[in-house]
Amino acid sequence: MQAGSAGIREAKAHLSRLIREVRRGREWVITERGRPVARLIPVRAADLPLEERIRRLEEAGVLEPAPPGSSRPLPPPLPLPDGLAQRWLREDREA
């Protein structure tokens, strides 16, 4: 999707519409006297707090919400020989 351009006055007057379009993936360049001064872009999922990312995954049906009041401790990590996990990670990244 192509980036749009809006002057500061226009952006203020139509901010709700610009935000709706940004949510759909469009970028907006905000200008002052014809010169770009800011960009209005969607927030990347990786930049969202963990709680928000989990909430979105639950809404999408990727994760199932935990039942209320269930806070089970995580199991202990699997015992691996020294350096094995790092080697696997490096091999995976190089593949």
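Structure shown above.
Residues numbered from 1 in each chain as written. Predicted model: local features only at pLDDT ≥ 70, side-chain atom pairs only at ≥ 80, totals over all residues. Heavy atoms only, no water.

Mind showing me how you'd approach the layout of surface pockets here?
For the largest pocket, the calculated volume is near 210 Å³. Taken together, Ile-19, Val-22, Arg-23, Leu-40, Ile-41, Pro-42, Val-43 and Arg-56 make up the lining of the largest pocket. With three residues, the single largest contributor to the lining of the largest pocket is helix H2 (residues 15-23). Residues of the lining of the largest pocket, tallied by class, amount to six nonpolar, no polar and two charged. Counted as a void, the second largest pocket has a volume near 160 Å³. Surrounding the second largest pocket, Glu-64, Pro-65, Ala-66, Pro-67, Ser-70, Ser-71 and Arg-72 form its lining. The class makeup of the residues in the lining of the second largest pocket is three nonpolar, two polar and two charged. (1 Å grid on protein atoms, 1.4 Å probe; cavity = no way out; pocket = protein on both sides within 12 Å on 5 of 7 lines; lining within 4 Å. Points joined across faces, edges and corners; volume = space filled by probe spheres on them. Helix = DSSP H or I, 4+ residues; strand = E, 2+ residues; numbered from the N terminus. Nonpolar A, V, L, I, M, F, W, Y, C, P; charged D, E, K, R; others polar.)

Can you walk me through the pattern of salt bridges in this structure?
Side-chain pairing between opposite charges can occur once the charged atoms of the two side chains come close. Using the criterion set out here, one finds eight salt bridges in the structure. Between Glu-52 and Arg-55 there is a salt bridge, with the nearest N and O atoms lying 2.5 Å from each other. Here Glu-52 and its partner Arg-55 are both found in helix H3 (residues 50-59), three residues apart, which amounts to about one turn of the helix. We note a salt bridge from Glu-59 to Arg-55, for which the minimum N-O separation is 2.1 Å. With Glu-59 and Arg-55 both in helix H3, this residue pair falls four residues apart, about one helical turn. Among the ionic contacts, a cluster of salt bridges with common partners joins Glu-52, Arg-55, Arg-56 and Glu-59. (Salt bridge = Lys/Arg side-chain N within 4 Å of Asp/Glu carboxyl O.)

Just checking my understanding: could you explain the nonpolar core for this structure?
Soluble globular proteins tend to bury their nonpolar side chains together. In terms of nonpolar packing, the biggest core is built from six residues, these being Ala-6, Ala-11, Leu-18, Val-22, Trp-28 and Ile-30. Listed by contribution, the elements that provide at least two residues to this core are H2 and strand E2 (28-32). Not counting chain neighbours up to four residues away, the residues in contact with Ala-11 comprise Ala-6, Leu-18 and Ile-30. (Core = buried A, V, L, I, M, F, W, Y, C linked by side-chain atoms within 4.5 Å. Buried < 20%, exposed > 50% of the residue type's maximum accessible area, 1.4 Å probe, protein only. Contact = heavy atoms within 4.5 Å.)

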